[in-house]
Structure formats: C-alpha cells, structure tokens
Amino acid sequence: MAVFLLLGPEEGEKTEFIKKEKDKVRALYPDFEDYVFFGGDEDGGGISSALSQSSLFSSYRFVVLKHFENVKKTDETFAALDDFGSNPQDDCTLIVASTETSSVNLPKSLSTLAGKENTIIFWEMFDNEKRRWIREFSSKEGYRITEDAIDEILSTVDNNTQEMKNLVGSITNFLKIQKTENNTITLETIEAYSVRTKGENGYSLFRAIGEGNLEKALLSVESILLNDQRDFIPALSVLATSFRRLEACIVMRDERKSEKEIFDSVTFVSPYPTRPGAKRNVGVGGREKDLYRKAMRIYTLEDTRRIISLIGRYDTVIKSASTDLLKLYGEKLIYTIIVDKGRETPLSLDPPILEKNYFKR
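So, a few notes on the structure that sits alongside this text. (Residues numbered from 1 in each chain as written. Predicted model: local features only at pLDDT ≥ 70, side-chain atom pairs only at ≥ 80, totals over all residues. Heavy atoms only, no water.)

1. With respect to the overall build of the protein chain
The number of helices and strands found in the protein chain is 15 helices and seven strands. For the protein chain, the proportion of its 361 residues judged to be buried stands at 49%. Long-range pairs, those at least 24 residues apart, make up 73% of the contacts in the protein chain with a sequence separation of at least 6. (Helix = DSSP H or I, 4+ residues; strand = E, 2+ residues; numbered from the N terminus. Buried < 20%, exposed > 50% of the residue type's maximum accessible area, 1.4 Å probe, protein only. Contact = heavy atoms within 4.5 Å.)

Below you can see the structure in the form of structure tokens.
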C-alpha cells in the first residue's frame, strides 16, 4: 500500500512519476487494475468504489486522481479520499495530483497517511532548466535546436514540460514528414511549422469555442485532423492553457478587479511567431479582448473548471485512440464543451451525436 500526493504546476514531471510508480506495481502485480479519475466529476461513486472494494479479478489496484483542485469538500470524491485515509487498504496504491502547492485542502487523514516523504511539490522549472530540457528532448528526437528557436517555444507554451514536449514533438514530426536533411530546429523551422498549421490549430479552435460557435469549432477539429492527426494533441494543450487563462480572468472579475487589471495581468501566449529575443507576452492583446469578454459571458467559473478537467480526460483517451475514433472523440469533446458546458453525458453512437439539426438550435 502506498499513498502519494503530487502537488504544484509542473504536469510533465507528475506524469513521469506516475508512470514509474505504475511500472513498479506492474512488475509486482501483473494482473493489477488501473483506474484514473478526474476532480470535478459530478459523480464520485467511481473512485469511492475503486478505493473501498477489493477486486475479484486482480490482486492489486492502482488508483490515480488528477485535478484535485476541482474537488469540493461536499463532493463524494472528497469523502472517498477521507475514508481511505482513515481506513487504508493494503492492496492499493493511491496517487492524488493537484496544481495547488499545499496539501491544506486535502482530507487531513489522507495528508497524514501520505506523510512528508510522499507529499511532493513539482515546481515550475527555472528558465535555464526549461532551456536545457528543450535541448535534451530535441536531441533525443535527433535534432539540434538554436537559442532563438528555444525562445520562441518558451513564448508559445504554458510553463510545464508536458506542453513543451507536445510542441517540440509536433515540430520534430513536421521535420520528419518533410524528410529534410537539416537536423537543426531554427526560428525559421518554427515559422514554417506555424504557416503549415496556421489555418486551424488550438488557437483558432479556442476562438470558435470562446465564441460559442459549435459549427465553426467542429469544422476546426475536422481541419486539424485532416491536416495531420498528430497535431490534435498539441491543439488540446493550447485549448487547456486558454481555458486556464479564462479561469484566471473570471476569478479576477469575480474579485471585482477592473477589466484593465484583468487583461494586463493574465499571461497570454500569442499564436503568431515573434522576433528572436522577444519576451513572453503578458496581458490579453487588443483583438483578443473581445474574445475573452464574450467567453466570460458564455462560461461560468464552474463551467471553466469542469471543462479544464474534461480536456484532461480526453487528452488521456485520445492519445490511445485509434485513427477511426479520433474524429468522433474530437466532436464529442467540442459538443460537450459548447453545448453542455463540460457536463458529460453517455456517448451514444446511434443515432449520431452530432447531426446537422444541432446547428439549427
């Protein structure tokens, strides 16, 4: 039995930690059962059952809860974690991940059970560490990378290794498809990649969703998938980052801060190439202000947090999905965000979930 609390903003290192712990469990218990849950789900019965009931078909359970920051103290999920902290079971490893940097909001029984040794804070990397990480990852993919190219990557991703990995991986895939003999990623390489994907990408997808335009968003997903299916994962990363910024805007609005304060302080990543040496953009730009104003009218704080959790779930599913199912999952995700504001309903394949009459509503 083991309990780990993974805290902080660095998602990539949390993912690696979870993978290593799962590999340890797999080596000891090849028949183990693997569960992944996400904070903010309206029904916490799934994690309650996974934590409280030993399996009839396996000798061990590996349970992961992501985005605990979306769990309320009144949720069934919180009660399930509290019960497990008070009555742990020997045939289970539990990992709880949160973007918060303190365990104060977690059930006290669970924090006590994990102890200081198993409560780990994954801080955002320092700038020199991010640069080294990008160089090393590029090298593993078979490419060198210039300093101005690193500047550009750092200006267009959120500050965690998961998003850096998604973007650099997408760029190296682009180079491999081009079958170029040049094995150096330069600013020109990234500009060429941007030109190739500028028609539809994560930024244009967020614009359609932020405007509440279902038809436009579905066409954006279709265009991304037709262009290169491998671009859909980076697009989801951009989408998640954009909704986290929207969340920050709504929080500050609810704190009665002025619009100028809100738009000046929220970190905004431009989808367009910047010149070498350009600093990370802070604040929402002129033409993006209307988009964020509209999005703040369409989506509540609760909606936004539910959607962030939803994107995390779909990211996990889509990474392992077959080619035939990618379009279906993408359309279901967009429909759930725009129409249901992140509230999931059972997936039905008959009749088709996205018929044209939805656009007439």
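From this point, things continue past the structure.
2. Structural notes on the pattern of salt bridges
This structure, assessed with the given rule, holds 24 salt bridges. Salt-bridge contacts for Glu-11 lead to Lys-14; the nearest nitrogen and oxygen are separated by 3.4 Å. One end of the pair, Glu-11, and the other, Lys-14, are both in helix α1 (residues 11–28), three residues apart, so they sit about a helical turn from each other. The salt bridge involving Arg-135 is made with Glu-147; its shortest N-O contact spans 2.9 Å. Within this pair, whereas Arg-135 is found in helix α5 (residues 127–140), its partner Glu-147 is found in helix α6 (residues 147–155), the two being separated by twelve residues in sequence. (Salt bridge = Lys/Arg side-chain N within 4 Å of Asp/Glu carboxyl O.)

3. Remarks on the environment of Thr-316
The residue Thr-316 is located in helix α14 (residues 301–319) in this model. Measuring from C-alpha to C-alpha, the distance between Thr-316 and Val-36 comes to 9.4 Å, with 280 residues separating the pair along the chain. What Thr-316 contacts, discounting residues up to four positions off in sequence, is Phe-38 and Lys-66. From its side chain, Thr-316 meets the backbone oxygen of Gly-312 in a polar contact 3.3 Å long. (Polar contact = N/O pair within 3.5 Å; in protein donor to acceptor, adjacent residues only side chain to side chain.)

4. Topic: the packing of α14 against helix α15 (residues 323–338)
In helix packing, the relevant descriptors are the interaxial angle and the interaxial distance, both defined with respect to the helix axes. Relative to each other, α14 and α15 sit at 175°, their axes nearing to 11 Å. In this view, α14 runs roughly antiparallel relative to α15, as classed from their interaxial angle. Contacts between α14 and α15 involve Ile-307, Leu-310, Ile-311, Tyr-314, Val-317 and Ile-318 from the former and Leu-326, Tyr-329, Lys-332, Leu-333, Thr-336 and Ile-337 from the latter. When its residues are assigned to classes, the contact of α14 with α15 shows ten nonpolar, one polar and one charged. (Axes fitted to C-alpha atoms, helices over the stretch in contact; angles between N-to-C directions. Parallel < 35°, antiparallel > 145°, perpendicular 65-115°, else oblique. Nonpolar A, V, L, I, M, F, W, Y, C, P; charged D, E, K, R; others polar.)

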